[in-house]
Amino acid sequence: MGERSTKETVKALIDLTRAHFFPVWILLFSSGLALAFDNYGDFSWPVTFKAVLIGSFGFGGGLVLNDLVDRKKDSLDVEGSLTTYWRPFKSRPLPSGRLSPNFALIIFLLLSGLTGLVMITLPYPNSFYVFFAMLLSCIFEYFYQIKRKNQNFPVAQLAGRMDFTLFPIAGYLCYGQPDMSVLLYLLFFYPWTLAHLAVNDFIDTENDKAREIKSIPVLYGTEGTLLWISGFTLVHYFTALLFLRQLGDIAFYGFISGFLVLGFANYKLLRKRSQKAGLLALFLYHVSLVLYSGSIVIDSLF
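The text that follows walks through the structure, step by step, so that each part is easy to find. (Residues numbered from 1 in each chain as written. Predicted model: local features only at pLDDT ≥ 70, side-chain atom pairs only at ≥ 80, totals over all residues. Heavy atoms only, no water.)

## Observations concerning the overall build of the protein
In step 1: Per the secondary structure count, the protein includes 14 helices and zero strands.
In step 2: Helices (α) and strands (β) of the protein occur, in sequence order from the N terminus, as α-α-α-α-α-α-α-α-α-α-α-α-α-α.
In step 3: Its C-alpha atoms give the protein a radius of gyration of 19 Å, within 12% of the compact-globule value 19 Å for 302 residues.
In step 4: Principal-axis analysis of the C-alpha atoms places the extent of the protein at approximately 50 × 50 × 35 Å.
In step 5: Residues counted as buried form 52% of the 302 residues belonging to the protein.
In step 6: Within the protein, counting contacts between residues at least 6 apart in sequence, those at least 24 apart form 78% of the total.
In step 7: Entry remark: accessible area of the protein is about 13600 Å², with carbon and sulfur atoms responsible for 68%.
In step 8: Taking the average location of the 25 positive side-chain charges in the protein and that of its 21 negative ones, the two points are 6 Å from each other. (Helix = DSSP H or I, 4+ residues; strand = E, 2+ residues; numbered from the N terminus. Rg over C-alpha atoms; globule rule 2.2 N^0.38 Å. Buried < 20%, exposed > 50% of the residue type's maximum accessible area, 1.4 Å probe, protein only. Contact = heavy atoms within 4.5 Å. Areas by Shrake-Rupley, 256 points an atom, 1.4 Å probe, with all protein chains shown as cover. Lys, Arg positive; Asp, Glu negative; His and termini not counted. Charge placed at Lys NZ, Arg CZ, Asp CG, Glu CD.)

If you want it as structure tokens, here you go:
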């Protein structure tokens, strides 16, 4: 019985932290770091190892915070497609009772504490820069979770998606300084996060209605959501071209591949306008993220 209980707890923790997505988050965080290596000096294994730990613990902690803040609303879900996509064992651990809120809080504090401990081993002022960026990310995440329940204009989405946007920025600041590359990376990634969020919410529309959450589809309907997604994708294309001026040929081809993947995702969504098309689009947005991040890493290091 104890072995089975331990196994179920591990599975619940994987669902809580979305651990199967960790390679994607690490690659995204590392893309910022690799760009900083290119701009400021030689590659460093110790800094890379620390950045991987910061990215893993930090993002995992942010996802646990997401579930903690939203646990009561999540219990009102009427449809599970998005849960199945994000969680390999196909349930939300807190509403289902597989984990207690107190246990999840301990995990959040543990991950946050480990993130902080690794941060302080970075040279100053990089340790301060990364701490500030990650602190802002948590604040934006909390604001997003609270504000989206009571709004008539998508302030929660517009401000809250800075939590995700700051993630590769923190990776850059593990080694680099606040500079034009940071600004251009932020401008490149922010519209992508807004489009990505709306795709996520498009799939989850029925649950958001049941939770009385003012997501983009709830505020603006299907047509408004599709306009939001395609509009911010186009803005993303433009800001990506500005960012590419900081990068080389390898990144150029990676970005063009990402553009094509996003274009196909938007085409399928606009044509089918279904939850199934939304799930495909969400997957393709993540494919584009891997293409962008991977090409930045390869371009910066070679």
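## So, the nonpolar core
In step 1: If you look at the biggest cluster of nonpolar residues, it comprises 69 residues, and the most contacted ones within it are W25, I54, V130, C174, Y185, F243 and F255.
In step 2: Top contributing element to this core by residue count: helix 10 (residues 180–203), with 13 residues. (Core = buried A, V, L, I, M, F, W, Y, C linked by side-chain atoms within 4.5 Å.)

## Side note on the layout of surface pockets
In step 1: One number sums up the size of the largest pocket: a volume of about 830 Å³.
In step 2: In this structure, the largest pocket is lined by 41 residues; those nearest its centre are G62, L63, N66, E141 and D163.
In step 3: Where the lining of the largest pocket is concerned, the elements lending two or more residues are helix 3 (45–69), helix 5 (81–86), helix 6 (101–119), helix 7 (126–147), helix 9 (162–173), helix 10 and helix 11 (205–211).
In step 4: Of the residues forming the lining of the largest pocket, the biggest block, eight residues, is contributed by helix 7. (1 Å grid on protein atoms, 1.4 Å probe; cavity = no way out; pocket = protein on both sides within 12 Å on 5 of 7 lines; lining within 4 Å. Points joined across faces, edges and corners; volume = space filled by probe spheres on them.)

## Remarks on a nonpolar patch on the surface
In step 1: A contiguous nonpolar surface patch, about 690 Å² in accessible area, is contributed by F43, W45, I250, I298, L301 and F302.
In step 2: Mapping F302 onto the fold places it in the segment after helix 14 (275–301). (Patch = residues over 30% accessible without salt bridge, like charges linked within 9 Å, V, L, I, M, F, W, Y side chains within 5 Å. Salt bridge = Lys/Arg side-chain N within 4 Å of Asp/Glu carboxyl O.)

## What to know about helix 3
In step 1: For helix 3, which comprises 25 residues, the first-to-last C-alpha distance of 36 Å matches the rise-based estimate of 36 Å (1.5 Å per residue) to within 8%.
In step 2: A distance of 3.3 Å separates the backbone nitrogen of V47 from a side-chain oxygen at the start of helix 3, and that oxygen is part of S44. (Expected span 1.5 Å × (residues − 1). Polar contact = N/O pair within 3.5 Å; in protein donor to acceptor, adjacent residues only side chain to side chain.)

## Some details on the side chain of Q145
In step 1: Relative to the helices and strands, Q145 is located in helix 7.
In step 2: With a relative accessible area of 1%, Q145 lands in the buried category.
In step 3: Reaching out from Q145, the side chain makes a polar contact with the side chain of E141 at a distance of 2.9 Å.

## Things to note about the packing of aromatic side chains
In step 1: Counted under the stated rule, the structure contains 33 aromatic pairs.
In step 2: Ring centres of W192 and Y285 lie 5.9 Å apart, and the angle between their planes is 50°; this geometry places the pair in the tilted category. Placement of W192 in helix 10 and of Y285 in helix 14 is noted, with a sequence separation of 93 residues between them. Taken as a pair, W192 and Y285 share a single burial class, namely buried. (Phe/Tyr/Trp six-rings, centres within 6.5 Å; stacked < 30°, edge-to-face > 60°.)

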